[in-house]
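# Fold and contact review
Residue-level listing of the chains:
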Amino acid sequence: MKNEKTSALETRLTHLGRRPGEQFGAVNTPVFRASTILHPDLDTLLTSNQPYAYGRRGTPSSGAVEEIVTSLEGGKGTRVAPSGLSALTCAIMSVVSSGDEILVTDSAYEPTRQFCDGYLARMGVTTRYFDPRLGKDIVQLINENTSAIFIESPGSITFELQDIPAIAKARDDRASSGREIAIIVDNTWATPLFYQPLSLGADIVIHAGTKMFVGHSDAMFGTMTANEIFWPKLDETHGLLGLFAGPDDCFLATRGLRTLSIRMQEHQKRALFLASWLEDHELVQRVLHPALPSHPDYEICKRDFSGSGCIFSFTLPAASREALAAFVDHMELFGLGYSWGGFESLILPGKLGKARSINHWPEDEQLIRLHIGLEDIDELQQDIAAGLERYQAAM
Ligand SMILES: *Cc1c(COP(=O)(O)O)cnc(C)c1O
């Protein structure tokens, strides 16, 4: 690759994080199992003058995936974590102190809320939730002690987008007093292939690499990437907390990234096709997919994203538990389970209940989230159509 910065993202996905010349020609960086890493002499040990010094602080296996994600996100550096959630909590902990406040989108992934309401509260950090569509008006919520704004765009259940350029401008207007306010973004849905929050004014991006990076539902993994300003804090906190990811999982994430582009294109195509088809289905109330022109955030999607992800939701008139079971218990292709981003399709019923504090979710809607895998698209469509018929018959 002649110039990393000007190369297309697809080319970077295939060529970064590889050093065949240093590993007997092997194409992908192999699994380096190591705790101890030897130093050739006292000088090197005392000056830390070699790329790797101890397994917890990195090996060529973690270095490979860090190099790819840093380049795609356009950050200063990346660190790996054993799960998406641990990357997310580390990113938050790296920018808050006791007495601070954090603003969190009301659409955030539920474990994010539990961390804020439970752990952060215990550590003396207050969380205030904001309407995901607040945009520039977030300026009114920023206080003297606000140290972070947490964004998940889109929210992975209800799919509201957040206007990062507007939020970043509000932050810049309020931060003129000299205080640093970090904008942290959970970018798991779009991946850096389709969305680069740092270029829109965010400071730290996290990924549940478990999803699209690994891409095969067979490993847990997380990354956090920071810009120049927040990299020293993020790197330090990652080290203090002793976080790392095992070399096998780093390898699986790196290998998954090699085909991210082609997988994203296929997932995107199928998800969009099925989402638009569901919009016209008589039983469906709303389809929540930000790349559909009917979605309230479609303009933001068109402006800031270059593609869309593999999960979306739709809502049905609420019905009995038996009706829901009739739908989801008898799917041929859609598995019933958490997570997403693998090659296989998944279905997950949801009710938001306590997971919202600002915008209460309608009680009379049954939410269904679909992860669209790589199966034949007609067969996926037939599977959903048959499920909806069973739901309607049992209502
Ligand atoms: C799954 C997920 C996480 C958490 O990732 P884990 O690897 O399961 O810990 C965080 N954010 C989003 C949007 C997710 O979908």
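## Some points on the side chain of Ser261
Looking at the secondary structure, you find Ser261 in helix H10 (residues 260-279). When its relative accessible area of 13% is taken as the criterion, Ser261 is described as buried. Among all residues touching Ser261, those that are not within four sequence positions of it are Glu10, Leu13 and Leu193.

## Some points on the site of the ligand
Near the ligand lie 13 residues; those nearest to it are Gly84, Leu85, Asp186, Thr210 and Lys211. Residue Leu85 places a main-chain N or O atom 2.8 Å away from an oxygen atom belonging to the ligand. Between the ligand and Trp340, the relevant distance is 3.0 Å, taken from an oxygen atom to a side-chain nitrogen or oxygen of the residue. Within the complex, the protein chains bury 91% of what would otherwise be the 380 Å² of accessible surface of the ligand. Judged by the fraction of its atoms near the pocket grid, the ligand is located in the largest pocket. The class makeup of the residues in the shell around the ligand is five nonpolar, five polar and three charged.

## Observations concerning the layout of surface pockets
Empty space within the largest pocket amounts to approximately 760 Å³. For the lining of the largest pocket, the elements supplying multiple residues, two or more each, are helix H4 (84-93), helix H5 (110-122), strand E6 (204-208), strand E11 (346-350) and strand E12 (365-371). Here the lining of the largest pocket is built from residues that sort into 18 nonpolar, nine polar and eight charged. Its volume calculated, the second largest pocket comes out at about 490 Å³. Every residue lining the second largest pocket is counted, 18 residues in all, and those nearest its centre are Pro51, Tyr52, Pro60, Gly63 and Ala64. Of the residues contributing to the lining of the second largest pocket, the split by class is six nonpolar, six polar and six charged.

## A look at the packing of aromatic side chains
Counting across every chain of the model gives five aromatic pairs. Ring centres 5.5 Å apart and planes at 15° place the aromatic pair Phe115 and Tyr119 in the stacked group. Separated by four residues within a single helix, Phe115 and Tyr119 lie in helix H5, roughly one turn from each other. On the basis of relative accessible area, Phe115 is assigned to the buried category, the value being 11%. Under the relative-accessibility criterion, Tyr119 is labelled partly exposed at 31%. An aromatic cluster of at least three residues, connected via ring pairs, comprises Phe159, Trp189, Tyr195 and Phe305. Geometry around Tyr129 places Arg113 over its ring, the cationic atom sitting 3.9 Å from the centre.

Calculation notes
- Residues numbered from 1 in each chain as written.
- Predicted model: local features only at pLDDT ≥ 70, side-chain atom pairs only at ≥ 80, totals over all residues.
- Heavy atoms only, no water.
- Helix = DSSP H or I, 4+ residues; strand = E, 2+ residues; numbered from the N terminus.
- Buried < 20%, exposed > 50% of the residue type's maximum accessible area, 1.4 Å probe, protein only.
- Contact = heavy atoms within 4.5 Å.
- Near = heavy atom within 4 Å.
- Polar contact = N/O pair within 3.5 Å; in protein donor to acceptor, adjacent residues only side chain to side chain.
- Areas by Shrake-Rupley, 256 points an atom, 1.4 Å probe, with all protein chains shown as cover.
- 1 Å grid on protein atoms, 1.4 Å probe; cavity = no way out; pocket = protein on both sides within 12 Å on 5 of 7 lines; lining within 4 Å.
- Sits in = over half its atoms within 2 Å of the grid points.
- Nonpolar A, V, L, I, M, F, W, Y, C, P; charged D, E, K, R; others polar.
- Points joined across faces, edges and corners; volume = space filled by probe spheres on them.
- Phe/Tyr/Trp six-rings, centres within 6.5 Å; stacked < 30°, edge-to-face > 60°.
- Lys NZ or Arg CZ within 6 Å of the ring centre and 35° of its normal.

Shape descriptors only; they carry no functional weight alone.
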